[in-house]
Amino acid sequence: MTVGILGGFLSAMLQSGSYVFSRVFIQKHGSAFALVVFSQLIMGIFGAVTIPLMMPFTHYPLTWRFFGLMVLCVLSFVAGQYGFFQTLREMEASRLSSLLGLKIIILAMVSMLVTRLPLHFLQWIAIILCSVGAIGMNFTGGRITWKGALWLGFMLLTYSICDLIEAELILEMRGSSLIADSTAVAALMYLFLGLLTLPCLLKYRWNFRKAVDALPYAVTWYCAIILLFLCYGSIGAVFGNIVQASRGIISVILGAWLLHLGYENLEPRVDRKAWCRRFLMAVVMICAMSLYSYASSLAGE
């Protein structure tokens, strides 16, 4: 469990850093979709290089089940990304980033339907607390349209399915090292995603400057995903997402540091009331992680 929790925290730290790099790219080139295209292509190359390096330590099961799960994982991720961009049309990014905290509840429900294993009532309390903390961290309030709510639900569902499949893929691997298994699965997934992204070059022709600017995001995100897979393979997708919710806390700390350094273009200033709310929500999320860990020990997980 310790390896999984540590992997989750390190992944959250790298993801928080990647968000900063994504803001730098978007401010420079003005396109989030261009960042997705060039970063996916770069990570596809990373995947192609990583796979041979992992083969001495693990190997892929040559079964229809494994590759069927991999295809479903890639498709659900692509569907989730599509849902993400459609939801962005209906609400501002700051509110959407907070509402992603609802994924933990959806993930728990889908997990129960798939595994038919109930969660301890303390685990449910931890899940609700974590969702409240994640949403309250940056939520600005306001009305959400029915169209926005539907796209949000679609995005959360497809991302949740992707997370559960990722955990299952790692369990299917045939290596003796969880780190090698997690790295190999992440590499294969991003190789496929890179290949699927190639047709996008018909719209966004290869641009060396944009590729270089996308590199910091691609490196931090790729490493974060490997650690995330390690986390899922060790402690499961539900607990892994609760640990991952710490990226909200890390992002707040990182944002305060950027403001201290004078990078107001990367992190806008907020009032004292907002900082107090963020601190309170951070305490709630820490309590949720501790409670879920305690409940898991009671349930013998």
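Residues numbered from 1 in each chain as written. Predicted model: local features only at pLDDT ≥ 70, side-chain atom pairs only at ≥ 80, totals over all residues. Heavy atoms only, no water.

### A closer look at the overall build of the protein chain
Consideration 1: Regarding its fold elements, the protein chain presents twelve helices and zero strands.
Consideration 2: In the protein chain, the succession of helices and strands from N to C terminus is α-α-α-α-α-α-α-α-α-α-α-α.
Consideration 3: Classification of the 301 residues of the protein chain by burial places 49% in the buried group.
Consideration 4: Considering only contacts in the protein chain between residues 6 or more positions apart, those separated by 24 or more positions represent 88%. (Helix = DSSP H or I, 4+ residues; strand = E, 2+ residues; numbered from the N terminus. Buried < 20%, exposed > 50% of the residue type's maximum accessible area, 1.4 Å probe, protein only. Contact = heavy atoms within 4.5 Å.)

### Concerning the packing of aromatic side chains
Consideration 1: Counted by the stated rule, this structure contains twelve aromatic pairs.
Consideration 2: An angle of 80 degrees between the planes, with centres 5.6 Å apart, marks the rings of phenylalanine 84 and phenylalanine 85 as edge-to-face.
Consideration 3: Look at phenylalanine 84 and you get partly exposed, because its relative accessible area is 23%.
Consideration 4: Ring centres 6.0 Å apart and planes at 15 degrees place the aromatic pair tyrosine 217 and tryptophan 221 in the stacked group. One end of the pair is tyrosine 217 and the other is tryptophan 221, both in helix H9 (residues 208-235) and four residues apart, which spans about a single turn.
Consideration 5: You can call tryptophan 221 buried: its relative accessible area is 15%.
Consideration 6: Through a chain of ring-to-ring contacts, the aromatic side chains of Phe46, Phe77, Tyr190 and Tyr222 assemble into a single cluster. (Phe/Tyr/Trp six-rings, centres within 6.5 Å; stacked < 30°, edge-to-face > 60°.)

### Remarks on the packing of helix H2 (residues 32-54) against H9
Consideration 1: At a closest axis distance of 8 Å, the pairing of H2 and H9 adopts a crossing angle of 60 degrees. In terms of orientation, H2 and H9 fall into the oblique class. Of the two elements, H2 crosses H9, and the hand of that crossing is right-handed. Side by side, H2 and H9 meet where Leu35, Phe38, Ser39, Ile42, Met43, Phe46, Gly47 and Thr50 of the first sit next to Lys210, Ala211, Ala214, Leu215, Tyr217, Ala218, Val219, Trp221 and Tyr222 of the second. (Axes fitted to C-alpha atoms, helices over the stretch in contact; angles between N-to-C directions. Parallel < 35°, antiparallel > 145°, perpendicular 65-115°, else oblique. Left-handed = near helix turned anticlockwise from the far one by under 90°.)

### Points about the confidence of the model for the protein chain
Do not read the predicted coordinates in detail wherever pLDDT is low.
Consideration 1: On average, the protein chain scores 83 in pLDDT, and the residues at 70 or more come to 88%.
Consideration 2: Helix H8 (residues 178-197) holds the highest mean pLDDT among the elements of the protein chain, 94, whereas helix H4 (residues 93-99) holds the lowest, 65. (pLDDT = per-residue confidence, 0-100.)

### Here's the deal with the pattern of salt bridges
Consideration 1: Scanning the entire structure with this criterion turns up five salt bridges.
Consideration 2: Close ionic contact of arginine 65 with glutamate 172 constitutes a salt bridge, the shortest N to O distance being 2.9 Å. Taken as a pair, arginine 65 in helix H3 (residues 64-88) and glutamate 172 in helix H7 (residues 146-172) lie far apart in primary sequence, 107 residues in all.
Consideration 3: For arginine 65, a relative accessible area of 47% corresponds to the partly exposed category.
Consideration 4: Across the pair aspartate 163 and lysine 103 runs a salt bridge, and its minimum N-O distance is 2.7 Å. Residue aspartate 163 is found in helix H7, and its partner lysine 103 is found in helix H5 (residues 103-115); the two are separated by 60 residues along the sequence. For the pair formed by aspartate 163 and lysine 103, the shared burial category is buried. (Salt bridge = Lys/Arg side-chain N within 4 Å of Asp/Glu carboxyl O.)

### Digging into H2
Consideration 1: For H2, spanning 23 residues, the distance from its first C-alpha to its last is 32 Å, which sits close to the expected 33 Å at 1.5 Å a residue.
Consideration 2: By the N-cap criterion, in which a side-chain oxygen at the helix start approaches the backbone nitrogen of a residue two or three places on, H2 is capped by serine 31, the distance to phenylalanine 33 being 3.5 Å. (Expected span 1.5 Å × (residues − 1). Polar contact = N/O pair within 3.5 Å; in protein donor to acceptor, adjacent residues only side chain to side chain.)

### Regarding the nonpolar core
Consideration 1: If you look at the biggest cluster of nonpolar residues, it comprises 44 residues, and the most contacted ones within it are Met70, Leu169, Met189 and Tyr190.
Consideration 2: Contributions of two or more residues to this core are made by H2, H3, H7, H8 and H9.
Consideration 3: Top element by residues in this core is H9. It accounts for eleven residues.
Consideration 4: In this structure, Ile104, Ala108, Ala126 and Met289 belong to the second largest nonpolar core, which totals 26 residues. (Core = buried A, V, L, I, M, F, W, Y, C linked by side-chain atoms within 4.5 Å.)

### A short note on the environment of asparagine 207
Consideration 1: With respect to the secondary-structure elements, asparagine 207 resides in the loop between H8 and H9.
Consideration 2: Engagement of the side chain of asparagine 207 in a polar contact is seen with the backbone nitrogen of lysine 210, the distance being 2.9 Å.

### Some details on the packing of H5 against H7
Consideration 1: Relative orientation of the contacting elements H5 and H7 amounts to 60 degrees, with a least axis distance of 9 Å. In terms of orientation, H5 lies oblique with respect to H7. With respect to the hand of their crossing, H5 and H7 are arranged in right-handed fashion. Counted together, Lys103, Ile106, Leu107, Val110 and Ser111 of H5 and Leu156, Leu157, Tyr159, Ser160, Asp163 and Leu164 of H7 form the full contact between these two elements.

### Re the side chain of threonine 197
Consideration 1: With respect to the helices and strands, threonine 197 occurs in helix H8.
Consideration 2: Among the residues examined, threonine 197 registers a relative accessible area of 10% and is labelled buried.
Consideration 3: Engagement of the side chain of threonine 197 in a polar contact is seen with the backbone oxygen of leucine 193, the distance being 2.6 Å.
Consideration 4: Excluding residues that lie within four positions of it along the chain, threonine 197 makes contacts with Val37, Gln40 and Leu41.

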